[in-house]
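# Chain and residue survey
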Amino acid sequence: LVGWADGTLGFDVVTPWSLADHSAEGALFLALATSANTTLRLTPTHHLPVGETCCKQLKQAKDVRVGELVWAVGRGAAEPEPHAVLSVRATSGRGLHSPLMQRGGFPVVDGVVTSFNSLPLVKLNAIAQPYLLASLCAASASACTAARRVVAAVECVAKHAWHALGSFALAREPLCKTLH
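Residues numbered from 1 in each chain as written. Predicted model: local features only at pLDDT ≥ 70, side-chain atom pairs only at ≥ 80, totals over all residues. Heavy atoms only, no water.

### Considering the pattern of salt bridges
As a reminder, the rule being used: The salt bridge criterion pairs a side-chain nitrogen of Lys or Arg with a carboxyl oxygen of Asp or Glu, the two atoms within 4 Å. Numbering of helices and strands runs from the N terminus; a helix is a DSSP stretch of H or I covering at least four residues, while a strand is a stretch of E covering at least two. Only protein chains enter the accessibility calculation, which uses a 1.4 Å probe; a residue is then buried when its area is under 20% of its type maximum, exposed when over 50%, and partly exposed in between.
With the rule as written, the count across this model stands at two salt bridges. Between Arg-103 and Asp-12 there is a salt bridge, with the nearest N and O atoms lying 3.6 Å from each other. Residue Arg-103 is located in the loop between strand S8 (81-98) and strand S9 (106-109), and its partner Asp-12 is located in the loop between strand S2 (9-10) and strand S3 (19-34); the two are separated by 91 residues in the primary sequence. The exposure class assigned to Arg-103 is partly exposed, which follows from its relative accessible area of 41%. Since its relative accessible area comes to 14%, Asp-12 is described here as buried. Ionic pairing is found between Lys-59 and Glu-68, a salt bridge with its closest N-O pair at 2.8 Å. What makes Lys-59 partly exposed here is its relative accessible area of 23%. Residue Glu-68 is classed as buried on the basis of its relative accessible area of 19%.

### Focus: the environment of Thr-114
Rule in force here: Working rule for contacts: check all heavy atoms of both residues, and any pair within 4.5 Å makes them a contact. Each polar contact in these results corresponds to two N or O atoms within 3.5 Å; when the atoms are within protein, one needs to be able to donate a hydrogen and the other to accept it, and residues that are neighboring in sequence are counted only if both atoms are side-chain atoms.
Position of Thr-114 relative to the elements: it lies in the loop between strand S10 (112-113) and helix H1 (119-139). Sequence separation between Thr-114 and Leu-30 is 84 residues; the distance between their C-alpha atoms is 13 Å. Apart from residues no more than four positions distant in its own chain, Thr-114 is found in contact with Leu-40, His-46, His-47, Leu-48, Pro-49, Phe-106, Pro-107 and Val-109. At 2.8 Å, the side chain of Thr-114 and the backbone oxygen of Pro-107 are in polar contact.

### Describing the pairing of S8
The condition is simple: DSSP calls a pair of strands paired once it identifies at least 2 bridges connecting them.
Examined bridge by bridge, S3 and S8 share twelve bridges and lie antiparallel to one another. Paired with Leu-28 across the two strands is Ser-92, which belongs to S8.

### As for the pairing of S3
In the sheet, S3 pairs with strand S4 (residues 39-42) via four bridges, with the strands oriented antiparallel. Bridging from a neighbouring strand, Leu-32 pairs with Leu-40 of S4. Hairpin connection, S3 to S4: the antiparallel pair is bridged by four residues, and Asn-37 has positive phi, about 65 degrees.

Right, here's the structure in full:
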């Protein structure tokens, strides 16, 4: 189940480019409790839609504050609804997951709409994945892995450059995902 950029719900395909490391231990997570009576656990750098309109503005979990609106999906709901964040607390956990969706959908995790990346990269992925990347991965697993690493490296450089230009300083913490 995914949320779409227009605020509706639907279905999308999880791609082979997704991060799924079930064995990762000791990772830092944030637990965001919401007024939808759900708690979402995610890494501090994982993205999720916030604000008055679903899926138009994304923040990393570490930047979400108590009182901000996130988007949750109740049982049988036709569309996501805004719910306030009631608390944010640090916790640890096992496993790292980031479902990268084929057509740019925003994955619903534990009843809350999330995002696998920043909005510009979600939009780019919605164009590149169905045509270029899916064909490459279907042709060769090794080519797919190599391409995934190249894309991640370019994305990492872009994130650091954007951060440095915006703040005129280097990031104190990693801005990039680790590939396994």
